[in-house]
Amino acid sequence: MDAGTLTAIVVGLALFVDFVIRVTAIIVVPRNRKPTSATAWLLAIFFIPYLGVLFFLLIGSYKLPKKRREKQAEINNFIIESTEGMERVSRDHPWPPWLESVVQLNRNLGAMPLVGGNTATLNGDYQASLDLMTEEIGKAKRYVHVEFYILSCDQTTAPFFNALEAAIKRGVTVRVLLDHIASLRTRDYKHTIKRLTAMGASWQLMLPVQPLKGKYQRPDLRNHRKLLIVDGAVGFMGSQNVIDRSYNKRSNIRRGLKWQELVVRLEGPIVAGLNAIFITDWYSETGELLRRETEPITIEPSPDSLDCQVVPSGPGFEGANNLQLFLALLYYAQERIVITSPYFVPDEAMLTAVTTATQRGLKVDLFVSEIGDQALVYHAQRSYYEALLKAGVRIWMYKKPYILHAKHFSIDDDVAVIGSSNMDMRSFLLNMEVSLMVRGRAFVESMRKVEDGYRANSRELTLEEWKRQPLRSTVLDNLARLTSALQ
């Protein structure tokens, strides 16, 4: 066989493989996938077939492994059984007429009931939040449950770890969950693991990517939750990780970046809901079901107690629980919507819901950071500014060097949501998140004060200013927007 014939065979084979890849992609990729996501994947595969296929095989499925999904279904049934009759909500003040249906939606999606008799206190001071959590650990008598996307033992968080060690010495059971990939990327990961082991804490990595140990799923499926539960009586949740405010990254320190967060401290029956999330994740990682820690603590409700509902979400559920909650609230809002999100990259449904709200005559405010810490997401977010501004959304840009990392929004004067979830497709489809819906004017008023503080430290972006953006920025923003669809 001469060289020309061999070359022709190789070229023909390559063309045949390329043809098979494209036809197979058209059949496989769009299945059970949003059109925007399917289109983005098909473009990647058609333009760069071999690399496109490789990336699709690595990160093309946003579902957890079958065993994990089965565990999620099992624990959902357990939560339904263990929370039956917990509601005890107050109707002293009339509910908005639409709230009942949202509560039922959340119950159907995430298995958690709305429960009354709670107190909730917001804290937006980074160090103060760490101090409050550390103080509460110091009071623990039975157990401490720690679950954070990023958990790092550094100079700032050392007192937190010291409190855990002291609790163990008092005979308190300390269980710790930390996300594998997110924590692995921190400067002090090895030190953190050694510290937890040395103190005698029971710890597990969440969603570990350890193929040699038989533990593997799509690498960017992450557990993004941030929770602390002490004795089932006090709980903390929100946007803040346990790490120095700079995240100990040289680039952040060089730029002077500091993270601005919001954490809520909770007491009352709702803490059992937070603990149920921890129990779910602990069971997923260890196979151990912590039945003894599921009993809610009975606390006499105060006259201004709040109704709260925990809404878990993530690839372990059939639908995007957080997205469905957010969309329902956006459409039910009657007067005002205030959204705070560090990464606001909405899908078509959310963009329509937000712009429709302004067209219905509602006041809509969006708080974002003036600068970004993740270039791709930052530019993808910017690609939506023109459409939002034209619709009448007021965009407030939190001034550098702060990264506004808080994640919450409020509806009228009745309902607010706070948690770990961003408003982007990663949080809707890929990350395991937890949100808290709160009904109570006192809580919404507290959140309004937080929002007023943001506004005082922000500058408003106008449509006129935005139209002066250079062409290169527009091109970069739109390219980033395309990549955000690869879910």
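Remember, predicted model here, so these are calculated numbers, not experimental data.

How each quantity is defined
- Residues numbered from 1 in each chain as written.
- Predicted model: local features only at pLDDT ≥ 70, side-chain atom pairs only at ≥ 80, totals over all residues.
- Heavy atoms only, no water.
- Helix = DSSP H or I, 4+ residues; strand = E, 2+ residues; numbered from the N terminus.
- Buried < 20%, exposed > 50% of the residue type's maximum accessible area, 1.4 Å probe, protein only.
- Contact = heavy atoms within 4.5 Å.
- Areas by Shrake-Rupley, 256 points an atom, 1.4 Å probe, with all protein chains shown as cover.
- Phe/Tyr/Trp six-rings, centres within 6.5 Å; stacked < 30°, edge-to-face > 60°.
- Lys NZ or Arg CZ within 6 Å of the ring centre and 35° of its normal.
- Polar contact = N/O pair within 3.5 Å; in protein donor to acceptor, adjacent residues only side chain to side chain.
- Axes fitted to C-alpha atoms, helices over the stretch in contact; angles between N-to-C directions.
- Parallel < 35°, antiparallel > 145°, perpendicular 65-115°, else oblique.
- Left-handed = near helix turned anticlockwise from the far one by under 90°.
- Nonpolar A, V, L, I, M, F, W, Y, C, P; charged D, E, K, R; others polar.
- Expected span 1.5 Å × (residues − 1).
- Arc of directions from axis to C-beta.
- Lys, Arg positive; Asp, Glu negative; His and termini not counted.
- Salt bridge = Lys/Arg side-chain N within 4 Å of Asp/Glu carboxyl O.

Turning our attention to the overall build of the protein chain. A tally of helices and strands in the protein chain yields 19 helices and 19 strands. Each of the 487 residues in the protein chain was classed as buried or not, and the buried ones make up 57%. In the protein chain, of all internal contacts separated by at least 6 residues, the share reaching a separation of at least 24 is 82%. When the accessible surface of the protein chain is totalled, it reaches about 21600 Å², and 57% of it is carbon and sulfur.

Let's shift gears to the packing of aromatic side chains. As enumerated under the stated definition, the model contains eleven aromatic pairs in all. When the ring of Phe326 is compared with that of Phe409, the centres are 5.2 Å apart and the planes differ by 90°; the resulting orientation is edge-to-face. Note that Phe326 is positioned in helix α12 (residues 321–332) and Phe409 in strand β15 (residues 408–411), a separation of 83 residues in sequence. Classification of Phe409 as buried rests on a relative accessible area of 1%. Chaining the aromatic ring pairs together yields one cluster made of Phe367, Trp396, Tyr398, Tyr402 and Tyr454. The side chain of Arg455 reaches across the aromatic face of Trp396, ending 5.3 Å from its centre.

With an omega of 10°, the peptide bond between Lys400 and Pro401 qualifies as cis. Backbone geometry at Tyr247 places phi at a positive 60°, although glycine is not the residue there. Counting through the fold element by element, Tyr247 comes out in the loop between β6 (234–238) and α10 (250–255). Within the chain, Asp412 stands out as a residue other than glycine whose phi angle is a positive 50°.

Attention shifts here to the environment of Ser458. Among the structural elements, Ser458 can be located in strand β19 (residues 458–461). According to the relative accessible area criterion, Ser458 is buried, its value standing at 9%. What Ser458 contacts, discounting residues up to four positions off in sequence, is Phe367, Trp396, Met397, Tyr398 and Lys399. Within the structure, Ser458 has its side chain in polar contact with the backbone oxygen of Tyr454 (distance 2.6 Å).

Before going further, it helps to spend a moment on the packing of helix α7 (residues 158–169) against helix α9 (residues 189–199). Close contact between α7 and α9 brings their axes to 9 Å; oriented N to C, the two are set at 20°. In terms of axis orientation, α7 runs roughly parallel to α9. Taken as a pair, α7 and α9 cross one another with a handedness that is right-handed. Together, Phe161, Asn162, Leu164, Glu165 and Ile168 of α7 and Thr192, Arg195, Leu196 and Met199 of α9 make up the contact between the two elements. Residue composition of the contact of α7 with α9, grouped by class: five nonpolar, two polar and two charged.

What follows concerns helix α6 (residues 126–137). Its twelve residues place the ends of α6 17 Å apart at the C-alpha level, agreeing with the 16 Å of an ideal helix rising 1.5 Å per residue. Two or three places before Gln127, at the opening of α6, Asp125 has a side-chain oxygen 3.1 Å from that residue's backbone nitrogen.

In this section: helix α19 (residues 471–483). With 13 residues, α19 should reach 18 Å at 1.5 Å per residue; the first-to-last C-alpha distance of 19 Å fits that figure. Along α19, the positions that sit buried rather than exposed are Ser473, Asp477 and Ala480. Down the axis, α19 shows its buried residues gathered within 65° of arc, on one side only. Those residues of α19 that are exposed and aimed more than 90 degrees away from the buried face are Leu471, Arg472, Leu479 and Leu482. For α19, the elements touching its buried residues are α14 (375–382) and α18 (463–467).

Now for the side chain of Asp424. Take Asp424: it is sitting in strand β17 (residues 423–424). No salt bridge is formed by the buried Asp424; the nearest opposite charge belongs to Arg426, separated by 5.7 Å. A distance of 3.0 Å separates a polar side-chain atom of Asp424 from the backbone nitrogen of Ser427. The contact partners of Asp424, leaving out residues within four places of it in the chain, are Tyr343 and Val345.

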